[in-house]
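What follows is each chain in one-letter form.
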Amino acid sequence: MIEQLGLSLLRRFDPEIAHGLALRALRAGLGGGRGAVTSARLKTSFAGLDLPNPIGVAAGFDKNAIAVDQTLRTGFGFCEVGAVTPQPQEGNPRPRLFRLAQDRAAINRFGFNNLGMEVIVANLEAHRRDGVVGVNLGANKDTEDKAKDYVAVLQKFAELVDFATVNVSSPNTEKLRDLQGRDALQRLLAEVLAARDRLVRRIPVLLKIAPDLEDKDLVDISDVCVAECVDGIVATNTTLARVGLKAPARMETGGLSGAPLFDKSTAVLRRLFVLTEGKIPLIGAGGVATAEQAYAKIRAGASVVQLYTAMIYDGVSLGSRIAEGLDRLLAADGHIDVTHAVGAGVEESRDAIVA
């Protein structure tokens, strides 16, 4: 009830201002919660990391790592901060975040706005006490060598985080998505992974991809990720597509997230699971707002799930509600733990085709 009143109040503000206010309220302890929701069924591992549950907060929610502990206390199994660039970056001009309430969606064209790695490292040191935390690696808009930027942020955060995600899929940084091509991606990942392997503390490195890819692109990405031994793939970032939207802001430029992204991102996830033959752990992201949708991502091949946009409409307590609901769904289908459900829907489809 209190959370819903707070959400109603925040909707009176510009979306970006409202988001900032929500983070400050969360940091002040107004988000409540007693820690991660967990059970024998929900406990899982991802890329060698032990998680209390498979429901995480996607990058973008807490770009500057000001409320990490408080976010994890609301029930989530893990969270990801950033995207972080080496130098502070203003991003694109405001307004750059738009609510699409009729569509339960959002459009953003932030452009990797953040306080820079030095400040964000200090914030993380001050605001993190426990739990699994990752960093989303970004590159400054004007840098000539994107790989150098990714490596710099990776090296800066390696002692503080549990995993790092190479973000080549934001639609709001010019030419960034060009790095998803086979040759460019192979060079980039080889350099980043080589830098990771030189670290004293070796952490998993993931790749975050776009939903707006042709099948041949997914084949290339899968081949490269398997060859380079990437530790995981996040499927997916926001989309440039605008199909079936109703809200007045539907034609704003930028990346679309939320409910309209669910089917598109889940199709990419399912295809990656088939292409990689389950050899690479996958994070399902895009449009998750219910336990049923989280379960659908897992059955499509995701080992864990991330969400963000749905919290605009349902609050930070959504993570605990999804985790609790997922536990019930797993029990109803007779799964002893979440790992037994990963890719189950894909396997059932294969069995049906064979039959």
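Source: prediction; values computed, not measured. (Residues numbered from 1 in each chain as written. Predicted model: local features only at pLDDT ≥ 70, side-chain atom pairs only at ≥ 80, totals over all residues. Heavy atoms only, no water.)

**Description of the nonpolar core**
Here comes step 1: With 83 residues, the main nonpolar core has Ile55, Val135, Tyr150, Phe157, Val166, Leu207 and Ile209 as its most contacted residues.
Here comes step 2: Excluding residues within four positions of it along the chain, Ile55 makes contact with Phe76, Gly77, Phe78, Ala294, Val305, Leu307, Gly319, Ile322, Ala323 and Leu326.
Here comes step 3: One finds Phe78, Val132, Phe163 and Ala285 within the second-largest nonpolar core, a separate group that totals 11 residues. (Core = buried A, V, L, I, M, F, W, Y, C linked by side-chain atoms within 4.5 Å. Buried < 20%, exposed > 50% of the residue type's maximum accessible area, 1.4 Å probe, protein only. Contact = heavy atoms within 4.5 Å.)

**Re the sheet that holds strand β5 (residues 97–100)**
Here comes step 1: The 3 strands are arranged β5-β6-β11 in an open sheet whose pairing can be described as antiparallel. Bordering the open sheet on either side are β5 and β11 (255–258), each of which pairs with just one other strand. Neighbour-to-neighbour, the strand axes of the sheet open up by a mean angle of 20°, direction not taken into account.
Here comes step 2: Taken together, the 4 bridges between strand β6 (residues 105–108) and β11 define a ladder with antiparallel strand orientation. For Ile107, the partnering residue across the bridge sits in β11 and is Leu256. (Pairing = 2+ DSSP bridges. Helix = DSSP H or I, 4+ residues; strand = E, 2+ residues; numbered from the N terminus. Axes fitted to C-alpha atoms, helices over the stretch in contact; angles between N-to-C directions.)

**As for unusual backbone geometry**
Here comes step 1: The peptide bond linking Arg94 to Pro95 adopts the cis configuration, its omega dihedral lying at 0°.
Here comes step 2: Tracing the chain through its elements places Pro95 in the loop between β4 (78–84) and β5.
Here comes step 3: Here the amide bond leading from Ala235 into Thr236 is cis, since omega sits at 15°, within 30 degrees of zero.
Here comes step 4: Tracing the backbone shows Thr236 in the loop between β10 (232–235) and β11.
Here comes step 5: Of note, the phi angle at Ala65 is positive, near 55°, even though the residue is not glycine.
Here comes step 6: You can see Ala65 is positioned in the loop between β3 (55–57) and α3 (68–73).

**Some remarks on helix α5 (residues 146–157)**
Here comes step 1: For α5, spanning 12 residues, the distance from its first C-alpha to its last is 17 Å, which sits close to the expected 16 Å at 1.5 Å a residue.
Here comes step 2: Turning to α5, its buried residues are Lys146, Ala147, Asp149, Tyr150, Val151, Val153, Leu154 and Phe157.
Here comes step 3: Buried residues along α5 sit against β4, α4 (117–127), β7 (132–137), β8 (163–167) and α6 (182–197).
Here comes step 4: N-cap assignment for α5: the residue whose side-chain oxygen lies 3.3 Å from the backbone N of Ala147 is Asp145. (Expected span 1.5 Å × (residues − 1). Polar contact = N/O pair within 3.5 Å; in protein donor to acceptor, adjacent residues only side chain to side chain.)

**Describing the pairing of β6**
Here comes step 1: On β6, burial covers both faces: Ala105 and Ile107 on one face and Ala106 and Asn108 on the other are all buried.
Here comes step 2: Relative to β6, β5 runs antiparallel, the two sharing 4 bridges. If you follow Leu97 over to β6, its bridge partner there is Asn108.
Here comes step 3: Remark: 4 residues form the turn of the hairpin made by β5 and β6, two consecutive strands paired antiparallel; Arg104 in that turn has positive phi of roughly 50°.

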